[in-house]
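Here is how the chains run, residue by residue.
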Amino acid sequence: MPSINPVGASVAAVLQNAANARRFPHCFLVSGGSDASRRETARYIAAMIECTGERRPCGKCRDCRKISENVHPDLTVVETGGKSATVRLEDVRAIRETSALPPGEGRARVYVIPEADRLRVEGQNALLKITEEPPEFVYIVFCAESRSALLPTMLSRLYQIELGAAQADASGKALRKAGDACRAAVDALCSADAYALAAAIRAAGKDRNDISLFAGQLRLILRDAMMRGADGFSGQPEQAERLAERFSFERLAGLMGAAEYAVEAAARNANVNLMVSMLAMKLSDAAGI
Ligand SMILES: [Zn+2]
């Protein structure tokens, strides 16, 4: 019997966190892991949205079952045409058009793009508006091997879930340490103190996971700052607000790129010392200090 197969406990916890945010995110990016695990996670998110059971996703209700069998009328999976193919522009346009219609039998329309890395720039541009202001009953899940395939403007609008990343497996203590380092880094950025910024990054920890965790949280805060507190995924709204007051959108996007760099470098097992120096330099450059 098909079932909504869970994603690892850590990813489920991240999603539960998302569910506890002021507003359940409408647009997700699932990256890392295998193609199969990304699709599984997308299905899990779709089931969380459509489920009519008590503990969502219950895996038993009509909606959960239809999603697990890939026959839910409100779930649209946008596939590419073949190995070298990209996501067709006409399919992207169809998302835009159908997203204006109310759902058929479920709570919402859910679109999944399993190979969003094959979404061309024009396709991404066509989806910018809908990711910026998604209609109340529309959700989109992008899946990609690596986030770098998506435009920064697009990335800033997505709730990002990295399979197998340090973020998903971190302990509460590690998260708090990263949070403290982020606060110190925001202080340093706002007061244009490059020396304090480098110290804040060093205080995040000595190993790759510590830096990845720090950069991952900083990225969320920057995302919230760029969205001007529209929803708030970072759990550090006051830091986001300070950044939003101090920096222009372009500067914030540059800072986001620097944090992005560190998360990806950590995933590639880059040398830690080098990564820390590069991150400090890139953040300073982006902030103009
Ligand atoms: Zn259910």
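To be clear, the structure that these remarks concern was listed above.
In this report, the structure presented in the accompanying data block is examined. (Residues numbered from 1 in each chain as written. Predicted model: local features only at pLDDT ≥ 70, side-chain atom pairs only at ≥ 80, totals over all residues. Heavy atoms only, no water.)

### A few points about the coordination of the zinc ion
Consideration 1: Here the zinc ion is held by the protein donor atoms Cys51 (SG), Cys58 (SG), Cys61 (SG) and Cys64 (SG), which lie 2.3 Å from it.
Consideration 2: Between the 4 donor atoms coordinating the zinc ion, the angles at the centre fall across 101 to 122 degrees, so the site counts as tetrahedral.
Consideration 3: Along the chain, the residues that donate to the zinc ion are spaced as C-x6-C-x2-C-x2-C. (Donors = N, O, S within 2.8 Å, 3.2 Å for Na, K, Ca; no water. Tetrahedral: all angles 85-135°; square planar, octahedral: opposite > 155°, others 65-115°.)

### Focus: a positive patch on the surface
Consideration 1: A contiguous patch of positive charge, built from Lys173, Arg176, Lys177 and Lys206, is present on the exposed surface.
Consideration 2: Note that Lys206 resides in the loop between α9 (194-203) and α10 (208-226).
Consideration 3: The exposure class of Lys206 is exposed, given its relative accessible area of 77%. (Patch = residues over 30% accessible without salt bridge, like charges linked within 9 Å, V, L, I, M, F, W, Y side chains within 5 Å. Areas by Shrake-Rupley, 256 points an atom, 1.4 Å probe, with all protein chains shown as cover. Salt bridge = Lys/Arg side-chain N within 4 Å of Asp/Glu carboxyl O. Lys, Arg positive; Asp, Glu negative; His and termini not counted. Charge placed at Lys NZ, Arg CZ, Asp CG, Glu CD. Helix = DSSP H or I, 4+ residues; strand = E, 2+ residues; numbered from the N terminus. Buried < 20%, exposed > 50% of the residue type's maximum accessible area, 1.4 Å probe, protein only.)

### Focus on the pairing of strand β4 (residues 138-144)
In the case of a regular strand, side chains alternate between the two sheet surfaces.
Consideration 1: The element β4 is largely enclosed, with a buried count of 7 among its 7 residues.
Consideration 2: Burial along β4 is two-sided: Val138, Ile140, Phe142 and Ala144 facing one way and Tyr139, Val141 and Cys143 facing the other are all buried.
Consideration 3: The pairing of strand β3 (residues 109-113) with β4 spans 5 bridges and is parallel. Counted as the bridge partner of Val112 is Val141 from β4. (Pairing = 2+ DSSP bridges.)

### Considering the pattern of salt bridges
Consideration 1: Applying the stated rule across the entire model yields 19 salt bridges.
Consideration 2: Here Asp224 and Arg223 are joined by a salt bridge, their closest N and O atoms 3.3 Å apart. Arg223 carries the same exposure label as Asp224, and that label is buried.
Consideration 3: A single network of salt bridges, built from pairs that share partners, joins Arg147, Glu162, Arg219, Glu260 and Glu264.

### Some thoughts on the sheet that holds strand β5 (residues 159-163)
Consideration 1: The parallel open sheet is built from 5 strands, whose spatial order is β2-β3-β4-β1-β5. The open sheet has two edge strands with one neighbour each: β2 (75-77) and β5. Pairwise comparison of adjacent strand axes, ignoring direction, gives a mean angle of 15 degrees for this sheet.
Consideration 2: Inspection of the sheet shows strand β1 (residues 27-32) paired to β5 by 5 bridges, in the parallel sense. Each residue of the ladder has a partner; that of Phe28, found in β5, is Tyr159. (Axes fitted to C-alpha atoms, helices over the stretch in contact; angles between N-to-C directions.)

### Concerning the nonpolar core
Consideration 1: Judged by nonpolar contacts, the single largest core of 41 residues is most densely connected at Ile201, Phe214, Leu243 and Leu255.
Consideration 2: The greatest single-element share of this core, amounting to 10 residues, is contributed by helix α12 (residues 249-267).
Consideration 3: The residues touching Phe214, leaving out its near neighbours within four places in the chain, are Ala178, Ala181, Cys182, Ala185, Ile201, Ala204 and Leu279.
Consideration 4: In this structure, Phe24, Tyr44, Ala46 and Ala108 belong to the second largest nonpolar core, which totals 28 residues. (Core = buried A, V, L, I, M, F, W, Y, C linked by side-chain atoms within 4.5 Å. Contact = heavy atoms within 4.5 Å.)

### Some points on unusual backbone geometry
Consideration 1: Following Arg56, the chain continues into Pro57 via a peptide bond in cis, with omega recorded as -5 degrees.
Consideration 2: Mapped onto the fold, Pro57 is located in the loop between α2 (35-50) and α3 (62-68).
Consideration 3: In this structure, Asn70 is a non-glycine residue whose phi angle is positive, near 65 degrees.
Consideration 4: Structurally, the position occupied by Asn70 is in the loop between α3 and β2.
Consideration 5: Residue class for Asn70 comes out partly exposed when judged on its relative accessible area of 46%.
Consideration 6: Its identity as a non-glycine residue notwithstanding, Ala192 has a phi of 55 degrees, on the positive side.

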